[in-house]
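Structure assessment
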Amino acid sequence: MTGANDQRYERADADALVSFATAALEAWHVPPEDAAIVADSLVTADLWGHQSHGVMRLPWYVDRLRSGVMRPVTDPTWVTDSGAVVVLDGHDGVGQVLAYRAASTAIARARRHGLGAVGVRNSNHFGTAAYYTRLAPPAGCIGVLVTNGSPAMAPWGGREKVVGNNPWSIAAPAGAHEPLVLDIANTAVARGKIYLARQRDEPIPEGWALDPDGRTTTDPVAAIAGTIAPMAGHKGYAISVMMDVLAGVLTGSGFGPQVSGPYQHEHPSRCGHLFLALDVGSFLPVDEFHERMEQLVAQLRSAPLAEGADAIHYPGELEHLAEQRHRRDGLPLPARTLDDLGALGEEAGVSLTRG
């Protein structure tokens, strides 16, 4: 893969990108507070080193606003409210805003009941799941988020896209450490990484995807037209199906082929989410939990290093280190991504500062 020092990359300031993305979304009638959530979530993904879910996606969201399949003003209604459990209908509102509200509601209910569960139906793609689960640890909770997505992989033994990559995330407080965070899709790789490879004009590794004829490919364009391989073979397929049960079937939202992706601006998304918040203090004393989490981190780091490794990191630590580095040195983004943002800015009457 090409490094960040390649001439096809440019350094960008994170705060400037947030301001630009916010203004661009406001130009498409997204309320300022909601636009700020979307912009911050995208730039945060870039800061964490996950450019597949960063500002590269902003033009996709604007295309959906332009076509009308995503509503700029997010106004969910409450379908059910039984105390610890809430279901919201997003009415095709902005996915990031709905996920943020689901997380906030679930955390508040968990503080009251010990557990909070919020299902969301008729939402849109919300970017990186860890952005929302990381809201839970500062509130003394563990956050769990499941979502579904448009078909990306074939069912095990098949060759037609039927199952989404259906990502999920867990974030837990860790005492003196930054939170432990898991954020994964159930395909061999997040589909956004294949779009990013296309953006960079780079091949993808063997084993990531199959072309439309079911043959292994390193061409990102052929991979997008084909299917993404599941992680861990049949296990990734099965996990993805069960995540669709939680995010789509249980919430009353779309599931399987009924869900459309953020790059498809012709159809409503119909994706669903399920956010669970667990109040740590309802299970055991908070100080004891933090102490136990610090012991867990210490145990992980005490393992002998494998050949070629220079350190052991707990889940989520690399993202924390990447954010510190990128805030200090600037974000290395593909020039093509910045070109796309510049064109979007011209259309919206917002200038993008480069260099």
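Quantities reported herein were computed from a predicted structural model and do not represent experimental measurements. (Residues numbered from 1 in each chain as written. Predicted model: local features only at pLDDT ≥ 70, side-chain atom pairs only at ≥ 80, totals over all residues. Heavy atoms only, no water.)

For N165, the position within the fold is in the loop between β7 (163-164) and β8 (168-174). Of the residues examined, N165 reaches a relative accessible area of 12% and is grouped as buried. Once residues lying within four places of it in the same chain are set aside, the contact partners of N165 are S150, A152, M153, A185, N186, T187, A190, R191 and S240. (Helix = DSSP H or I, 4+ residues; strand = E, 2+ residues; numbered from the N terminus. Buried < 20%, exposed > 50% of the residue type's maximum accessible area, 1.4 Å probe, protein only. Contact = heavy atoms within 4.5 Å.)

A separate point is the nonpolar core. Residues L17, L25, V43, L58, L331, L333 and L341 are the most contacted members of the largest nonpolar core, which totals 31 residues. Where this core is concerned, the elements lending two or more residues are α1 (14-27), α2 (32-47), α3 (58-67), β14 (331-334) and α11 (335-348). Not counting residues up to four positions away in its chain, the partners in contact with L341 are L17, F20, V55, L58, P59 and L352. Core analysis: the second largest hydrophobic core is formed by 24 residues, W48, V86, V118 and V120 among them. (Core = buried A, V, L, I, M, F, W, Y, C linked by side-chain atoms within 4.5 Å.)

Pairing within the open sheet is mixed, and its 7 strands lie in the order β2-β3-β4-β13-β5-β8-β9. At either end of the open sheet lies a strand with only one pairing partner, and these are β2 (77-81) and β9 (177-184). Strand-to-strand twist of the sheet, defined as the mean angle between neighbouring strand axes without regard to direction, takes the value 15 degrees. Where β2 lies against strand β3 (residues 85-89), 4 bridges are found, and the strand directions are antiparallel. Paired with T77 across the two strands is D89, which belongs to β3. Lying on the sheet, helix α4 (residues 95-113) is in contact with β2, β3, β4 (115-123), β5 (141-147) and β13 (271-279); it crosses β4 at an angle near 160 degrees. Strand contacts of helix α8 (residues 234-249): β4, β5, β8 and β13, with the helix running at about 105 degrees to β5, the strand carrying the most contacts. (Pairing = 2+ DSSP bridges. Axes fitted to C-alpha atoms, helices over the stretch in contact; angles between N-to-C directions.)

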